[in-house]
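Here's the letter readout for the chains.
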Amino acid sequence: MAVISAEKDTQELNFRLVAEFDADVKRVWRIWEDPRQLERWWGPPTWPATFDTYDFVVGGRAEYYMTGPDGEKAHGWWLITGIDAPTRLTFDDGFANEQREPVDELGRTHAVVTLEDLGGRTRMTLVTGFESLDQLNQMVEMGMEEGLKGAIGQVDALLAEEGAAV
Amino acid sequence: MDRLFQALADATRRDIVARVLVAEYSVSGLAEQYDMSFAAVQKHVAVLERASLVSKEKRGREQIVRGEVDGVQRARRLLDDYERIWRQRVDRIEDILGEDEDRT
């Protein structure tokens, strides 16, 4: 079992996941550092992610999109806020419209990834902080096969719509 | 110290949500409960309001805070979904890491 624990805080809108892998820290770091590897796991199989900009330095930006079965695209971006190779990465993750311009209204999530050596194995801890429920909702849609279709081209619509209870 | 403060802040916010889900409170009423300044409670309420967990309504001179049951349930459901996304990602990471072993 790779996933050791997942903690969710509905009040603070925080998510924390701990997973362990049978690979050393340097190897696990590469799944974050190398965009070609990142693309293979970030999106679901039917909505693969393409990172066509990936400036892996502090202050660097990444631009990505997920492509659906009918060619629809959902866009997002990262801002790398901290790198301490090969054990710690922090970045902000936000949404972009079809013109690939950041959609600021939904804010950004803050992610902290830490890798810890367990004698050749690796413990990865991911903490994501959300700013609002709408933002969390959109993030979930961007990550799920069944949600992505709805997320496409609807960033603007979602902004107009008010906190629609699911 | 920092962590302690954070935890306390969390506990207060949790408590505020628990209270206002049961009954309405004014911001000053909440401030009395926690022996905190009006401004401090106001800040907690603002955080919770942003998260759609409480709503605030002006009534006369008072600001009434109410819990948003839908918001709490929605947060729980969405965080469950988000967990599913990450579990799937971890599975895919494992597959990628597994390929290395196959090769060696």
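Reading the values: rules and limits
Residues numbered from 1 in each chain as written. Chains lettered and ligands numbered in written order. Predicted model: local features only at pLDDT ≥ 70, side-chain atom pairs only at ≥ 80, totals over all residues. Helix = DSSP H or I, 4+ residues; strand = E, 2+ residues; numbered from the N terminus. Buried ≥ 20, exposed ≤ 12 C-beta atoms within 10 Å, placed from the backbone. Contact = placed C-beta atoms within 7 Å. Axes fitted to C-alpha atoms, helices over the stretch in contact; angles between N-to-C directions. Parallel < 35°, antiparallel > 145°, perpendicular 65-115°, else oblique. Nonpolar A, V, L, I, M, F, W, Y, C, P; charged D, E, K, R; others polar. pLDDT = per-residue confidence, 0-100. Pairing = 2+ DSSP bridges.

- Chain A is annotated in an unreviewed UniProt entry as Polyketide cyclase from Arthrobacter pityocampae.

1. Re the overall build of chain B
Then step 1. For chain B, the count of helices and strands is 4 helices and 3 strands.
Then step 2. Put simply, chain B runs from its N terminus to its C terminus through helices and strands in the order α-β-α-α-β-β-α.
Then step 3. Burial status across chain B gives 27% buried among its 104 residues.
Then step 4. Partitioning the contacts of chain B with sequence separation of at least 6, the portion at a separation of at least 24 is 44%.

2. Regarding the overall build of chain A
Then step 1. Each helix and strand counted, chain A has 5 helices and 8 strands in total.
Then step 2. Each helix (α) and strand (β) of chain A, taken in turn from the N terminus, gives the series β-β-α-α-β-β-β-β-β-β-α-α-α.
Then step 3. In chain A, buried positions account for 32% of the 166 residues.
Then step 4. For chain A, restricting intrachain contacts to residue pairs at least 6 apart in sequence, the fraction spanning at least 24 positions comes to 39%.

3. A word on the packing of helix α1 (residues 25-33) of chain A against helix α2 (residues 35-42) of chain A
Residue and element names in this part refer to chain A.
Then step 1. As a packed pair, α1 and α2 sit with axes 6 Å apart at the nearest point and diverge in direction by 80 degrees. Between α1 and α2, the crossing angle belongs to the class labelled roughly perpendicular. Across from Arg30, Ile31 and Trp32 in α1, the residues of α2 making contact are Gln37, Leu38 and Trp41.
Then step 2. Counted by class, the contact of α1 with α2 contains 4 nonpolar, 1 polar and 1 charged residues.

4. With respect to the confidence of the model for chain B
Residue and element names in this part refer to chain B.
Then step 1. When the pLDDT values of chain B are averaged, the result is 83; 88% of them are 70 or greater.
Then step 2. Of all helices and strands in chain B, the one with the weakest mean pLDDT is helix α1 (residues 2-22) (69), whereas strand β1 (residues 25-26) scores best (92).
Then step 3. Predicted complex, confidence summary: ipTM 0.85, pTM 0.74.

5. Thoughts on the pairing of strand β5 (residues 73-84) of chain A
Residues and elements named next belong to chain A.
Then step 1. Across 7 bridges, strand β4 (residues 61-67) lies against β5 in antiparallel orientation. Each residue of the ladder has a partner; that of Thr67, found in β5, is Lys73.
Then step 2. Here 9 bridges tie β5 to strand β6 (residues 88-96), and the two strands are oriented antiparallel to one another. Bridging from a neighbouring strand, Gly76 pairs with Phe95 of β6.
Then step 3. The hairpin turn running from β5 into β6, its antiparallel successor, is 3 residues long.

6. Side note on the sheet that holds strand β1 (residues 3-9) of chain A
Residues and elements named next belong to chain A.
Then step 1. Taken in spatial order, the 8 strands of this open sheet run β1-β2-β8-β7-β6-β5-β4-β3, and their pairing is antiparallel. Either end of the sheet is taken by a strand with one partner, and the two such strands are β1 and β3 (49-54). The sheet shows a mean angle of 20 degrees between the axes of neighbouring strands, taken without regard to direction.
Then step 2. With respect to the sheet, α1 is in contact with β2 (14-21), β6, β7 (108-118) and β8 (121-129), its orientation differing from that of β7 by roughly 160 degrees.

7. Section: unusual backbone geometry
Then step 1. Of the consecutive residues A:Ala85 and A:Pro86, the connecting peptide bond is found in the cis state with omega at -5 degrees.
Then step 2. The topology assignment puts A:Pro86 in the loop between β5 and β6.
Then step 3. Look at A:Leu13: it is not a glycine, yet its phi comes out positive at around 55 degrees.
Then step 4. Positionally, A:Leu13 belongs in the loop between β1 and β2.
Then step 5. By C-beta crowding, A:Leu13 is classed as buried, having 25 other C-beta atoms within 10 Å.
Then step 6. One non-glycine residue, B:Asp35, adopts positive backbone phi at about 55 degrees.

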